[in-house]
Amino acid sequence: MPADLYRSPIPPQLWDAIRDEFGLPALDQVRERLEAGSPDPERALRQLVRVFIDEGTFCPGFQFQPDMSLNPVITGLFHRAMLLRIPHNYFALWMMNPCHALDGARPVDRRQEQHQTALTAALESTLARAVA
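Each chain carries its own residue numbering, running from 1 in the direction its sequence is written. The model is predicted, so local features are restricted to residues of pLDDT at least 70 and side-chain atom pairs to those at 80 or more, both for listing and for counting; the totals for chains, interfaces and linings are taken over all residues. As a rule here, side-chain values cover all heavy atoms of the structure and leave hydrogens and water aside.

**Q** Tell me about the nonpolar core, and name the residues and values.
**A** In terms of nonpolar packing, the biggest core is built from 36 residues, with Y6, W15, I86, F91 and W94 touching the most fellow members. A helix here means a DSSP run of H or I that spans at least four residues, while a strand means a run of E at least two residues long, and both kinds are numbered starting from the N terminus. Elements supplying a minimum of two residues to this core: α1 (12-21), β1 (51-53), α4 (72-83), α5 (88-96) and α6 (116-131). In what follows, residue pairs with any heavy atoms lying within 4.5 Å of each other are defined as contacts. In this structure W94 touches Y6, L77, C99, P107, L119, A122, L123, T126 and L127, once residues within four positions along its chain are discounted. Side-chain atoms within 4.5 Å are what join buried Ala, Val, Leu, Ile, Met, Phe, Trp, Tyr and Cys residues into a set we call a nonpolar core. To sort residues, take the accessible area from a 1.4 Å probe on protein chains only and compare it with the maximum for the residue type: under 20% means buried, over 50% means exposed, and anything in between is partly exposed. In this structure, L27, A44, L48 and C59 belong to the second largest nonpolar core, which totals nine residues.

Written as structure tokens, this is what we have:
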């Protein structure tokens, strides 16, 4: 993946791909769901990956488990991305694109717990370098 991809505007097709494969609810919708079903909705809200499209704020569905709780692998990766000052939208782009450091797999397809270390290493070696 060329490094300049992370210095360019996000292709609108990315948002369509996330919406089609995982869902892309608005932040207000997610807030309502979390407030209704989470013992600590404020903590969950602070951990959300948010993407900014036009005038709206949305939450990629790849970060949610079937019960609407947050996937701990994604929250850990996203926390690391924030420490590295990686913008939310570029984090979402990285999650959806094949990654050389993961033998061509998309990070989103490796979001199970056994892949946490490999994903963190890939994040640091590819995305952090690309947006630096």
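**Q** Describe in detail the pattern of salt bridges, supporting the description with residues and values.
**A** Here a salt bridge means any side-chain nitrogen of Lys or Arg lying within 4 Å of a carboxyl oxygen belonging to Asp or Glu. Tallied over the entire structure, the rule returns four salt bridges. Of the charged contacts, one joins R19 and D16 as a salt bridge, the two residues approaching to 3.3 Å between their closest N and O atoms. Residue R19 and its partner D16 are located together in helix α1, separated by three residues, close to a single helical turn. On the basis of relative accessibility, which here comes to 39%, the residue R19 falls in the partly exposed class. R106 is the salt-bridge partner of D109, the closest N and O atoms lying 2.7 Å from each other. The exposure class assigned to D109 is partly exposed, which follows from its relative accessible area of 40%. Salt bridges sharing partners connect three or more residues here, namely E21, R106 and D109.

**Q** So what's going on with unusual backbone geometry? Residues and values would help.
**A** Of note in the backbone geometry, D54 takes a positive phi value of approximately 55° without being a glycine. Considering the arrangement of structural elements, one finds D54 in the loop between β1 and β2 (56-58). A positive phi is found at R85, a non-glycine position, where the angle reads about 65°. With respect to the helices and strands, the residue R85 is situated in the loop between α4 and α5.

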